[in-house]
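Here are the chains, one letter per residue:
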Amino acid sequence: MALKTEPFILNVGPQHPSTHGVFRMRVTLDGEVVVDVEPVIGYLHRGIEKLAESRTYTQVIPLTDRLDYLASMTNNFGYVLAVEKLAGIKVPERAEHLRVIMAELMRISSHLMAVGFFLNDLGAMMTPVLYMWREREKIMDLFEMVCGQRLTYNYMRVGGVSHDIPEEFLPALGRFVGEMPRFIDEYEQLLSQNEILLARTKGVGILPRATAINIAASGPVLRASGVKWDIRKADPYSIYERFDFEVPVGMAGDCYDRYWVRIQEMRQSVRIIEQAVNQLPRGEICIKLPKPFRLPSGEVYGHIEAPKGELGFYLVSDNSIAPYRFHVRPPTLINLTALRDMVVGWKIADLIVIFGSIDVCLGEIDR
Amino acid sequence: MTLLEQFQDWLGAISPDWVAYVIAGVVGIVVILGFVLTLVIVFIWYERRLLGRFQIRLGPNRLGPEGIFQPIATAVKILLKEDIIPERADKFVHWLAPIVVFTPVLMVFAVVPFGKGVILADLNVGVLYIVAISSVSAVGIYMAGWGSNNKYALIAAMRTVAQIVSYELPVVLSILGVVLMAGSLSLTKIVDAQNLPFIVMQPLGFLIFFLGALAEMNRCPFDLLEADSEIVAGYHTEYSGMKFAMFYLGEYGHALAYACIITALFLGGWRGPVLPPFLWFVVKVIAIFSLIVWLRATLPRLRVDQLMAFAWKGLFPMALVNLLVVAIEVLWLVELLPWVVVVVNIALAGILILAWSRLFVLGKGRVEV
């Protein structure tokens, strides 16, 4: 006897334990199987792009903190790079090094959160998250030392950085860099060979190489699909061409590879920080800007490799003290467009895991 | 003769028989209920503290010494909450579900032997009674899911039926091994038969029963019914206040009940050297419960199809093999050479688990890189 069944619609979010903020998915289900998924975004829209148009170039920096609030330093970095590109400003050497150190610390912190919450989505009751937070806490302490803030740093300036590092910073950073590889080993030991984790992630939510390129995915999501594309290597900005590091690349493009790529990137970030600390020169940390600071007329697109992918800032200037147009290319919004391709045909549990493996941040998607 | 029967005889000497029967019954029930509910509250505290240690944090430690009164504060908080019934809910089913879930959990304790003669009712079909009663909870969970008129709850309810029905089979088959060896369905007799604890005699049976029990009490890694990262709170999404507390207590009561049953069936119950019997029982129960909490703190969750595959392709055939081997051993070996049985069964468990881990891979369609 054939029973008559029909698909039903389930609203996942905006209030749901694992939507990483206020994301909403209108999921069509056939029993447990996902037939269709329609993302609904905009619950965290604050109009940051419009707000920026009525602020001076320096006042925009704290706004960028509020984009991807798990990686504020890199947001600052991307924005000031775009402004400096249009103004043609040369940044002091010491500031360049400090920026790279902060950006890579931020990458480790963001990946720790991503991996921890990915495991949470898999059902591992908070334990991995709390172990990841143990290290993230140390990074937060380092940031607190340099700028007094733990979440929204507002640290970088056009032409440099706001504060020089205090004297206790380098010893603390040295300790962190020394012990971090051991902690990453510990994570891998606990997680990477776990049979349940392998069963849940290997071959699940495959993003084929061609699709990944077609939707302009970037960051770990793209690299897990086997594309060796890292802006730090492909279009070097700041002083990244001076450092020796590798770009880890996955093969299958499944959830496991996205997890694996993040773990490996943490190792590479530690290497970059070590080198940057060794080369750290003395000297100025910020150049004096003319007051009021005006950008020459024109437009510019500056992009960096943020922890979650290619973060781009597009600025149009009319030679006034504020940007005429300010646009952000948020990496996770673009990566999220692959969601439907990845989840259709999988089960509800996989939907959550695949969504978690993209590592989205709603502050950046909704702006 | 159990303690309760002695009490009844003593009462019978000074009052009519029916009075003695009623009073003895009521006293027994009150003592057991009081003991069990207190133990459940202590275990809630214990799990939260232990989980805190696993997760490099302290856990509740403010209220009373080492935070021992925290569960009481939690209970007061839950009692004061508004009792919300969804407008379109099936009100009667919604109201009845917590009771149907909670009552069987308490009823299981009627046949648990806490010590020699310390048992409410020494049924000669004790094991059968436990299997029958503990399955009733599944009906309650399904009622909760259906009555809430909530899609998450309904998904959880559907998963419940599949999960509990599937895991019932390996659980019962592994109990049969124990019953064969002990030659009785009474839990007291089973404990008496364990000159060597059955965990040593039948390690495979213990593993199968333990995993099956985890699934039956919805504990990690089989906690799909209330998979909070997927379906919010599962079947009790729409419950609040006292009704939620019933589910919460029921869940811990279930874990406690299974820890007691495992202790009686496989760990030799109250028997042990030096310590008084009752203390032995509690120590063993705490050991089992700690193992459950440890798993919860460590493992991610299985997916629903993997869960079913694990029951039907993994545990079920292994339980059949275990039953067959135990039956043969009971026929020829156990009386003469118990230590040979121990060696054979431990080797068998090792070989079977190794073989299954080769033959049977959880994630079908896994891409090898």
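1. Some points on the overall build of chain A
Here is step 1: The secondary structure content of chain A amounts to 15 helices and eight strands.
Here is step 2: Taken over C-alpha atoms, the radius of gyration comes to 21 Å for chain A, in line with the 21 Å a tight globule of 367 residues would show.
Here is step 3: Based on the C-alpha atoms only, the size of chain A along its principal axes is roughly 80 × 45 × 35 Å.
Here is step 4: Burial statistics for chain A: of 367 residues in total, 51% are counted as buried.
Here is step 5: Look at the contacts in chain A between residues 6 or more apart in sequence, and 70% of them connect residues 24 or more apart.

2. Re the overall build of chain B
Here is step 1: Each helix and strand in chain B was counted, giving 14 helices and zero strands.
Here is step 2: Put simply, chain B runs from its N terminus to its C terminus through helices and strands in the order α-α-α-α-α-α-α-α-α-α-α-α-α-α.
Here is step 3: Compactness check: chain B gives a C-alpha radius of gyration of 22 Å against a globular reference of 21 Å for 369 residues, within 12% of the reference.
Here is step 4: The principal-axis extents of the C-alpha atoms in chain B amount to approximately 80 × 65 × 40 Å.
Here is step 5: Burial status across chain B gives 45% buried among its 369 residues.

3. Thoughts on the sheet that holds strand β1 (residues 8-12) of chain A
All names here are of chain A.
Here is step 1: Strands sit in the order β1-β2-β3 across an open sheet of three strands; the sheet is antiparallel. Strands at the two margins of the open sheet, each flanked by one partner only, are β1 and β3 (33-40). Strand-to-strand twist across the sheet, computed as the mean angle between neighbouring axes with direction ignored, equals 25°.
Here is step 2: As defined by bridge partners, β1 adjoins strand β2 (residues 24-30) across five bridges and the pair is classed as antiparallel. Paired with V12 across the two strands is M25, which belongs to β2.

4. With respect to the interface of chain B and chain A
Here is step 1: At the interface, 28 residues of chain B touch 35 residues of chain A.
Here is step 2: Among the elements of the structure, α10 (228-231), α12 (277-298) and α13 (304-332) of chain B are those that each provide at least two residues to the side of chain B that touches chain A.
Here is step 3: Residue classes in the side of chain B that touches chain A are distributed as 14 nonpolar, six polar and eight charged.

5. Thoughts on the sheet that holds strand β8 (residues 325-329) of chain A
Residues and elements named next belong to chain A.
Here is step 1: With antiparallel pairing, three strands are arranged side by side in an open sheet as β6-β7-β8. Unpaired on one side and paired on the other, β6 (298-306) and β8 mark the two borders of the sheet. Recorded for the sheet is a direction-independent mean angle of 15° between the axes of neighbouring strands.

6. So, helix α2 (residues 17-54) of chain B
Residues and elements named next belong to chain B.
Here is step 1: Between its terminal C-alpha atoms α2 stretches 54 Å, which fits the 56 Å expected from 38 residues at 1.5 Å a residue.
Here is step 2: Regarding α2, the residues found buried are G28, I32, V36, L39, V40, F43, I44, W45 and E47.
Here is step 3: Buried-residue contacts for α2 involve α1 (3-14), α3 (70-80), α4 (91-108), α11 (241-266) and α12.
Here is step 4: Where α2 terminates, the next one or two residues include I56, which has phi positive at roughly 40°.

7. Focus on unusual backbone geometry
Here is step 1: Looking along the chain, the bond that leaves K291 of chain A and enters P292 of chain A is cis, with omega of -10°.
Here is step 2: With respect to the element layout, P292 of chain A can be found in the loop between α11 (255-279) and β6.
Here is step 3: Backbone geometry at I56 of chain B places phi at a positive 40°, although glycine is not the residue there.
Here is step 4: Residue placement: I56 of chain B occurs in the loop between α2 and α3.
Here is step 5: Even without being glycine, E66 of chain B reaches a positive phi, approximately 55°.

8. Description of the domain arrangement of chain B
Residues and elements named next belong to chain B.
Here is step 1: Under the domain assignment used here, chain B contains domain 1 (1-80) and domain 2 (84-359).
Here is step 2: The gap between the C-alpha centroids of domain 1 and domain 2 is 21 Å.
Here is step 3: Contact residues are listed per partner, giving 20 residues for domain 1 and 19 residues for domain 2.
Here is step 4: Of the residues in the side of domain 1 that touches domain 2, the class split is 16 nonpolar, three polar and one charged.

9. Some remarks on the pairing of β3 of chain A
Residue and element names in this part refer to chain A.
Here is step 1: In the sheet, β2 pairs with β3 via seven bridges, with the strands oriented antiparallel. Across the sheet, the residue bridging to V27 is V37, located in β3.
Here is step 2: What sits between the antiparallel neighbours β2 and β3 is a turn of two residues, in which G31 has the positive phi angle 70°.

10. Concerning the packing of α4 of chain B against α11 of chain B
Residue and element names in this part refer to chain B.
Here is step 1: Between α4 and α11, whose axes approach to 9 Å, the crossing angle comes to 30°. Here α4 is positioned roughly parallel relative to α11, judged by the angle of their axes. Crossing angle aside, the handedness with which α4 passes α11 is left-handed. In this structure, α4 uses P98, V101, F102, V105, L106 and V108 to contact α11, whose residues at the interface are K243, M246, F247, L249, G250, G253, H254 and A257.
Here is step 2: A breakdown of the residues in the contact of α4 with α11 according to their chemical character gives 10 nonpolar, three polar and one charged.

11. So, the nonpolar core
Here is step 1: Of all hydrophobic cores here, the largest spans 212 residues; its most connected members are V112 and I262 of chain B.
Here is step 2: Residue contributions to this core peak at 16 residues, all from helix α4 (residues 93-121) of chain A.
Here is step 3: I262 of chain B has contacts with F209, F210, A213, L267 and I288 of chain B, leaving out every residue within four places of it along the chain.

12. Digging into the confidence of the model for chain B
All names here are of chain B.
Here is step 1: The predicted model of chain B averages 83 in pLDDT, with 96% of residues at 70 or higher.
Here is step 2: In the predicted structure, residues 365-369 sits below a pLDDT of 50 and forms 10 contacts with residues beyond four places in sequence or in another chain.
Here is step 3: The complex model carries a pTM of 0.85, and its ipTM stands at 0.81.

13. Let's talk about the packing of α11 of chain A against helix α14 (residues 348-358) of chain A
Residues and elements named next belong to chain A.
Here is step 1: Look at α11 against α14: their axes get within 9 Å of each other, and the N-to-C directions meet at 30°. Considering the angle they form, α11 stands roughly parallel to α14. Crossing angle aside, the handedness with which α11 passes α14 is left-handed. Between α11, through C255, R258 and Y259, and α14, the contact on the second element is made entirely by V353, I354 and S357.

14. A word on the pairing of β6 of chain A
Residues and elements named next belong to chain A.
Here is step 1: Pairing analysis gives nine bridges linking β6 to strand β7 (residues 309-317), with the strands arranged antiparallel. Following the sheet pairing, G302 is matched in β7 by F313.
Here is step 2: Between β6 and the antiparallel strand that follows it, β7, lie two residues.

15. Re helix α14 (residues 338-359) of chain B
The periodicity of an α-helix, 3.6 residues per turn, causes residues three or four positions apart to be oriented the same way.
Residues and elements named next belong to chain B.
Here is step 1: Taking 1.5 Å of rise per residue, the 22 residues of α14 would be expected to cover 32 Å, and the 31 Å separating its terminal C-alpha atoms lies within 8% of that figure.
Here is step 2: Among the residues of α14, those classed as buried are V341, N345 and A349. Looking straight down α14, one finds that the buried residues subtend no more than 75° of arc, so they occupy a single side. Pointing more than 90 degrees away from the buried face of α14 are the exposed residues W339, V340, V343, A347, G350, I351, L354, A355 and R358.

16. Looking at the environment of S297 of chain A
Residues and elements named next belong to chain A.
Here is step 1: Residue placement: S297 occurs in the loop between α11 and β6.
Here is step 2: Distance from S297 to L207, taken between C-alpha atoms, is 41 Å for residues 90 residues apart in sequence.
Here is step 3: If near-sequence neighbours (up to four positions away) are discounted, S297 is found in contact with S317, D318 and N319.

17. Quick word on the environment of F198 of chain B
Residues and elements named next belong to chain B.
Here is step 1: Position of F198 relative to the elements: it lies in helix α8 (residues 198-201).
Here is step 2: The exposure class assigned to F198 is buried, which follows from the 25 C-beta atoms found within 10 Å.
Here is step 3: Separated by 66 residues in the primary sequence, F198 and A264 have C-alpha atoms spaced 9.6 Å apart.
Here is step 4: When near neighbours in sequence (up to four residues on either side) are disregarded, F198 contacts V178, M181, L265 and F266.

What counts as what
- Residues numbered from 1 in each chain as written.
- Chains lettered and ligands numbered in written order.
- Predicted model: local features only at pLDDT ≥ 70, side-chain atom pairs only at ≥ 80, totals over all residues.
- Helix = DSSP H or I, 4+ residues; strand = E, 2+ residues; numbered from the N terminus.
- Rg over C-alpha atoms; globule rule 2.2 N^0.38 Å.
- Buried ≥ 20, exposed ≤ 12 C-beta atoms within 10 Å, placed from the backbone.
- Contact = placed C-beta atoms within 7 Å.
- Pairing = 2+ DSSP bridges.
- Axes fitted to C-alpha atoms, helices over the stretch in contact; angles between N-to-C directions.
- Nonpolar A, V, L, I, M, F, W, Y, C, P; charged D, E, K, R; others polar.
- Expected span 1.5 Å × (residues − 1).
- Domains from an automatic or database assignment.
- Parallel < 35°, antiparallel > 145°, perpendicular 65-115°, else oblique.
- Left-handed = near helix turned anticlockwise from the far one by under 90°.
- Core = buried A, V, L, I, M, F, W, Y, C linked by C-beta atoms within 7 Å.
- pLDDT = per-residue confidence, 0-100.
- Arc of directions from axis to C-beta.

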